[in-house]
Amino acid sequence: EQSMCLAVQAPNVIVMDCKPDPRRYTFDHVADINTTQEAVFGAVGKKIIESCVGGYNGTIFAYGQTGSGKTFTMLGPLDDGDDFRHELRGVIPRSFEYLFNLISREQEKRGDAVEFVTRCSFLEIYNEQIFDLLDTASTGLHLRENIKKGVFVDGLIEQNVTSAIEAHQVLSAGWVNRRVASTSMNRESSRSHAVFTLTIESKEKKGGVMNIRCSQLNLVDLAGSERQKDTHTAGVRLKEAGSINKSLSALGNVIMALVDIAHGKTRHVPYRDSKLSFLLRDSLGGNAKTYIIANVHPGSKCFGETLSTLNFARRAKMIK
Amino acid sequence: MAAMYLQNQGFEEYASARRLSEEESRQDPETEPYKSKYKARELLLQLAEALQGFQDESQAEENIELTLQLAELWFHLGVNFSETEEVPTGEQYFSRCAELMQGHKMDQRCVNTCLNCLNQLGILWVSRSEPEKALKILQEAEDIYKMYMHNVGQPPLLLHELLSPEQTGSPKSRQAEFEKTHTLTLYYLAQTYPKLGDNEKSAAYCHLTLSRQLQSGHFQPIDWATNCATLSQYYVTRDNFTQGRHCLASASSVLSQVPEPSDETEDGENESAREKLERRKADISRCWLKYCLVLLQESRQALMDDIGELDRAKQTDLAKGGAVAGSKGSHNDDKQEKSEDPEKAEGADGPGCHHGDEKSQLRFESLELTALEDQVTDKKVTDFDQARAVFLVGQKYVNAAKEFYVLDGHVTDFVEITQDWSQLFRALSFFEQDFERRCKMHKRRADMLQSLLSELNQQHYLLVCRQIMYEIAEIFSEMLDLKVAIAEAADERPKVHAVKKINSLAQQSISHYQMFLDSLRKADKEMPKTFSEDTLRPALVANFCVGRLYSKFLSSDPQVKLQNMSKSLDHYQFVVDYCTSHPDIAELVKSELEICTEMSQLLPIQMEKIRLTLS
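Residues numbered from 1 in each chain as written. Chains lettered and ligands numbered in written order. Predicted model: local features only at pLDDT ≥ 70, side-chain atom pairs only at ≥ 80, totals over all residues. Heavy atoms only, no water.

Chain B appears in an unreviewed UniProt entry as KIF-binding protein from Branchiostoma floridae. Under the Sequence similarities (unreviewed entry) heading, UniProt states for chain B: "Belongs to the KIF-binding protein family." Under the UniProt heading Subcellular location (unreviewed entry), the note attached to chain B is "Cytoplasm, Cytoskeleton". (UniProt positions renumbered as here; feature names shortened; annotations may be inferred.)

By the naming in an unreviewed UniProt entry, chain A is Kinesin-like protein, taken from Branchiostoma floridae. Heading Sequence similarities (unreviewed entry) of the UniProt record for chain A holds this comment: "Belongs to the TRAFAC class myosin-kinesin ATPase superfamily. Kinesin family. KIN-12 subfamily." In its Subcellular location (unreviewed entry) section, the UniProt record describing chain A reads: "Cytoplasm, Cytoskeleton, Spindle".

## Considerations on the overall build of chain A
Within chain A one finds 7 helices and 12 strands. The buried share among the 320 residues of chain A stands at 51%. For chain A, contacts bridging at least 24 residues in sequence account for 66% of all contacts bridging at least 6. A total accessible area of about 15,600 Å² is found for chain A, and carbon and sulfur atoms account for 51% of it. (Helix = DSSP H or I, 4+ residues; strand = E, 2+ residues; numbered from the N terminus. Buried < 20%, exposed > 50% of the residue type's maximum accessible area, 1.4 Å probe, protein only. Contact = heavy atoms within 4.5 Å. Areas by Shrake-Rupley, 256 points an atom, 1.4 Å probe, with all protein chains shown as cover.)

## So, the packing of helix α16 (residues 411-431) of chain B against helix α17 (residues 435-455) of chain B
Residue and element names in this part refer to chain B. Packing of α16 against α17 leaves a shortest axis separation of 9 Å and a crossing angle of 170°. Relative to α17, the element α16 lies roughly antiparallel. Two secondary-structure elements touch here, α16 through F414, V415, T418, W421, S422, Q423, F425, R426, L428, S429 and F430 and α17 through R438, M441, H442, R444, R445, M448, L449 and L452. For the contact of α16 with α17, the residue count by class is 10 nonpolar, 5 polar and 4 charged. (Axes fitted to C-alpha atoms, helices over the stretch in contact; angles between N-to-C directions. Parallel < 35°, antiparallel > 145°, perpendicular 65-115°, else oblique. Nonpolar A, V, L, I, M, F, W, Y, C, P; charged D, E, K, R; others polar.)

## Points about the domain arrangement of chain B
Residues and elements named next belong to chain B. What the domain assignment lists for chain B is domain 1 (2-220) and domain 2 (221-257 + 273-327 + 366-433). Inter-centroid distance (C-alpha atoms) of domain 1 to domain 2 is 43 Å. Between domain 1 and domain 2, the contact holds 11 residues from the first and 17 residues from the second. Roughly 1,200 Å² of surface becomes buried between domain 1 and domain 2 when both sides are summed, with 61% attributable to carbon and sulfur atoms. Considering only the side of domain 1, the residues that lose the most area to domain 2 are E200, L210 and Q220, jointly responsible for 49% of the buried surface there. For the salt bridge of R238 with E200, the shortest nitrogen-to-oxygen distance reads 3.7 Å. On inspection of domain 1 and its partner domain 2, the count reaches 6 residue pairs in polar contact (both at pLDDT 80 or more). Its residues placed into classes, the side of domain 1 that touches domain 2 shows 6 nonpolar, 4 polar and 1 charged. (Domains from an automatic or database assignment. Buried area = accessible area lost by both parts, 1.4 Å probe. Salt bridge = Lys/Arg side-chain N within 4 Å of Asp/Glu carboxyl O. Polar contact = N/O pair within 3.5 Å; in protein donor to acceptor, adjacent residues only side chain to side chain.)

## A short note on the nonpolar core
Within the largest apolar cluster, 186 residues are counted, with the highest numbers of intra-cluster contacts made by Y291(B), L296(B), L456(B) and I468(B). Dropping the residues within four chain positions of it, L456(B) is found in contact with I147(A), V411(B), V415(B), Y461(B), V464(B), C465(B) and I468(B). Core analysis: the next-biggest nonpolar cluster, separate from the first, contains 37 residues, I48(A), I49(A), C52(A) and V53(A) among them. (Core = buried A, V, L, I, M, F, W, Y, C linked by side-chain atoms within 4.5 Å.)

## Notes on the interface of chain B and chain A
The interface of chain B with chain A comprises 61 residues on the first partner and 48 residues on the second. Buried surface at the junction of chain B and chain A, summed over both partners, amounts to about 4,700 Å²; 55% is from carbon and sulfur atoms. Taken together, the connections running from chain B to chain A amount to 0 salt bridges. The set of elements that each furnish at least two residues to the side of chain B that touches chain A consists of α5 (111-127), α7 (171-192), α8 (199-216), α9 (221-237), α11 (273-309), α16 and α18 (462-489) of chain B.

## Some thoughts on the pairing of strand β10 (residues 193-206) of chain A
Moving residue by residue along a regular strand, the side chains alternate between the two faces of the sheet. Residues and elements named next belong to chain A. Burial analysis of β10 places 11 of its 14 residues in the buried class, the great majority of the element. Relative to β10, strand β5 (residues 114-126) runs antiparallel, the two being bridged by 12 bridges. Bridging from a neighbouring strand, I125 pairs with H193 of β10. Here β10 pairs with strand β11 (residues 209-221) via 13 bridges, running antiparallel. Residue pairing across strands places S202 opposite R213, the latter belonging to β11. Connecting β10 to the next strand, β11, in antiparallel fashion are 2 residues, including G207 with a positive phi near 55°. (Pairing = 2+ DSSP bridges.)

Given below as structure tokens:
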């Protein structure tokens, strides 16, 4: 029986049992151990899916230490032979259902005037290398940027899907590949980011003009946050407030931190965005909607990591 | 007695402990990661106990050696406990070590250990969010190094030598390790200062760290150059152009010495060594570009402030080229310090109290930089010729950067470079007295941005397209104002082709603001009822500008005038209506709203007057 270090004050406050004083964190929504998967989806998923069908990009991130429930939140329990139809299915399967629901309603309303095409892809970023989870033989793919396509992964498989069930199948296949890669190729899933992307294209004929709109929904299962200290896991820049980097190899980071504090565009910082940040760039600014689900384990043993996750989430709230 | 013990047993125990800790621990299983380190700990504790036993029995001189050996053991135990996540205990051992070394800090046998110990304590206190404590400790380490080098100088023993049967170090290896330890002290200081809010000191210590890397030869040139160029950007944002230029020149110099890589294999970033070098060179070009741009912008700002103050004295000072100190004050303060050595502004106890010649502290002495530094000034410019010289250097670096950052493949980077280039022209135009020539510069800007815009896919580059549309609209507006001023200066009614030009510019400005506004529309082509936070002000200001632009059309036809006034009114009204339905945001567009409100009342009256003349 573990002791707890967290208390939830519905609907949007979580309190950490810190010494000398407990710390309060306020978020858009806080879910406790009794919150259902359905409720989580309602809080996070619905609005984003609606805006995606409306033509805007969106991203949902799951962040937290390994074992805090990211995968459960995003996918659901995985023991039932990867059946994504049961009660405890997570955000991603519910997103499929809701999305195709909305699409068929739109289709009904507008008839032949509009046509929807949905594609999905599933990739993994490990050690700053990109692997296609829909291709069992995948060896690192290149992240490119060109004028026509924007930022894209060269050679990534995109599967057309017409229903929630088909999307589930793609997800399952990819997930199996991820587990296989984890054991046979040592691509430990706690150290990699998984990105499932749904691209929704709508072709609409209005007054003799063909209107093509394209929007993307990215569902990201981030690498375990405790792994941020590993030099290989980049993607979410978490700056530890209290630590000194012992090795001179991090001198660049120290200098960059000085420049970051300075304002605006009057400087150029020569560093490369992590693959994840670059890949999601289109989906993280402007008209796009972003949600971060921070998963925390309430047990006292996980105090340090939980504190770290909550602090990160609070900072993320302040970033525009 | 102790010596014999060590010879027969002690040294071996220590060697075993070291082997366990450094080598065997790597093979420890995941389930028992500290197995070897725990074993090492036992040996160290045993050894320490034995030595403590001997301490009371020994002679004075032998006693000192024993004391130092114990101190070093405490240090290694401190490391051991820290590495096995028992930090509080580790701290106790480090403290014991430090205590024991009191009065022996200048001893060649232990000064290296002493510094290592203080470094560890510094790191520890920062991790406990007590940077003030850490600072004191690290400063002590810095002082001990300086004092030792000044007063003693003999290369101190390496770590482990005191506890080994033979002296394994040579003067060279000992000095090298001592220098490394000191460099780490400086590096940790660089990291501690920001936590105390002192970025300036941090930058100075980063500079020092870079300098020592250069001296020691232990550095990777591409990384070094990149770090140095990044540091230059810190100085550029602080208006310290002298320091910024020096870092840039140094970065360029070091990078130019890197030989052409032959290996084409790609690394983890899917980039070959050659590509990586090319990219870094391009990045440094972009840093130079920012330098030139900010220098021109700051020069412009200084002159504008002066024009506001009409202070002749200050203008002459500027012309003489007052040095810009890197202090925290505004640039107005800097003008007073014109004759002071810039580095003196860093503070008396900064790294500049080491040698007699303070200036050398913040320069990389070993590099030949004259040509690179002489290519551009580090003083703010005050006239067109000076400005143009800086502009040309900036433009050179634009082209250099674009050799690697081509549009297709590096869209984002290419766009930023082009935007900088546009700003470079804009800054230069301020110094051009002749309006026609000024107008031509703006035309260059409009051309390069329009051509870029036509290439970009709005779907993927929405944010950037909006920025460019807005900037183009502003440029045409600027050109319009210039043409009007030229016509007015001619003191006669504008000729036909001038009228055409003015109207055309107004139209182009309007159409680009409109493009920008259209990009904000929702999927159903309607304007959003509420703008998002980042697009709110630009959207309202754009409407305001369009309203204003419609009044700039020159026409003798009253019908045309009415149409333009009507469109003008629509846009002013939009702003008024939006602010009415969103009263909380009115502050953001206060001055524009005032004018819009006024015009929305005036225009209908004026329009009515014209209609009356027509009927």
